[in-house]
Amino acid sequence: MIATLDIPDDLYRQVKARSALEGRSLRSIAIHLFQTWLDTASAESELEKAPPDGEELAKYPWLAIAR
């Protein structure tokens, strides 16, 4: 799929320069960033699903502190 993104010129120049230094294409960087964002969102939603129960709190006492 081809998509067009409207990003600020300064940001584009910075990304383009860094991608050139790393020898990577903008496409590969965009794919990596989108995939990382999706993976992070999935991990965060897993954490939000169920609060720790008493058994988990007993196994991992630091969870009570993190609440």
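Below is a short write-up of the structure. Keep in mind the model is a prediction, meaning the values are calculated, not measured.

Right, let's get into the overall build of the protein. Scanning the protein for helices and strands turns up four helices and zero strands. Overall, the protein shows an N-to-C arrangement of helices and strands of α-α-α-α. Counting over 67 residues, the protein shows a buried share of 6%.

What follows is about a nonpolar patch on the surface. Residues L5, I7, L11, Y12, V15, F34, W37 and L38 make up a contiguous nonpolar surface patch of roughly 800 Å² in combined accessible area. For the nonpolar patch, the secondary structure elements donating two or more residues are α1 (9–22) and α2 (26–49).

What follows concerns α1. Structural remark: α-helix, 3.6 residues per turn; residues separated by three or four positions point the same way. In this model, α1 (14 residues) spans 20 Å end to end at C-alpha, consistent with the 20 Å of a helix rising 1.5 Å per residue. Just downstream of α1 lies G23, where phi reads positive at about 70°.

The next thing to look at is the environment of S28. Residue placement: S28 occurs in helix α2. Residue S28 is classed as partly exposed on the basis of its relative accessible area, which comes to 27%. In terms of polar contacts, S28 uses its side chain to reach the backbone carbonyl oxygen of S25, at 2.9 Å.

Quick look at the pattern of salt bridges now. Counted under the stated rule, the structure contains two salt bridges. Notably, a salt bridge pairs E22 with R18, separated by 2.9 Å at the nearest N-O pair. Placement of both E22 and R18 in helix α1 is noted, with a separation of four residues, approximately one turn of the helix. Relative accessible area serves as the criterion here: at 41%, E22 is assigned to the partly exposed category. A cluster of three or more residues bridged by salt bridges with shared partners is formed by R18, E22 and R24.

Calculation notes
Residues numbered from 1 in each chain as written. Predicted model: local features only at pLDDT ≥ 70, side-chain atom pairs only at ≥ 80, totals over all residues. Heavy atoms only, no water. Helix = DSSP H or I, 4+ residues; strand = E, 2+ residues; numbered from the N terminus. Buried < 20%, exposed > 50% of the residue type's maximum accessible area, 1.4 Å probe, protein only. Patch = residues over 30% accessible without salt bridge, like charges linked within 9 Å, V, L, I, M, F, W, Y side chains within 5 Å. Areas by Shrake-Rupley, 256 points an atom, 1.4 Å probe, with all protein chains shown as cover. Salt bridge = Lys/Arg side-chain N within 4 Å of Asp/Glu carboxyl O. Expected span 1.5 Å × (residues − 1). Polar contact = N/O pair within 3.5 Å; in protein donor to acceptor, adjacent residues only side chain to side chain.

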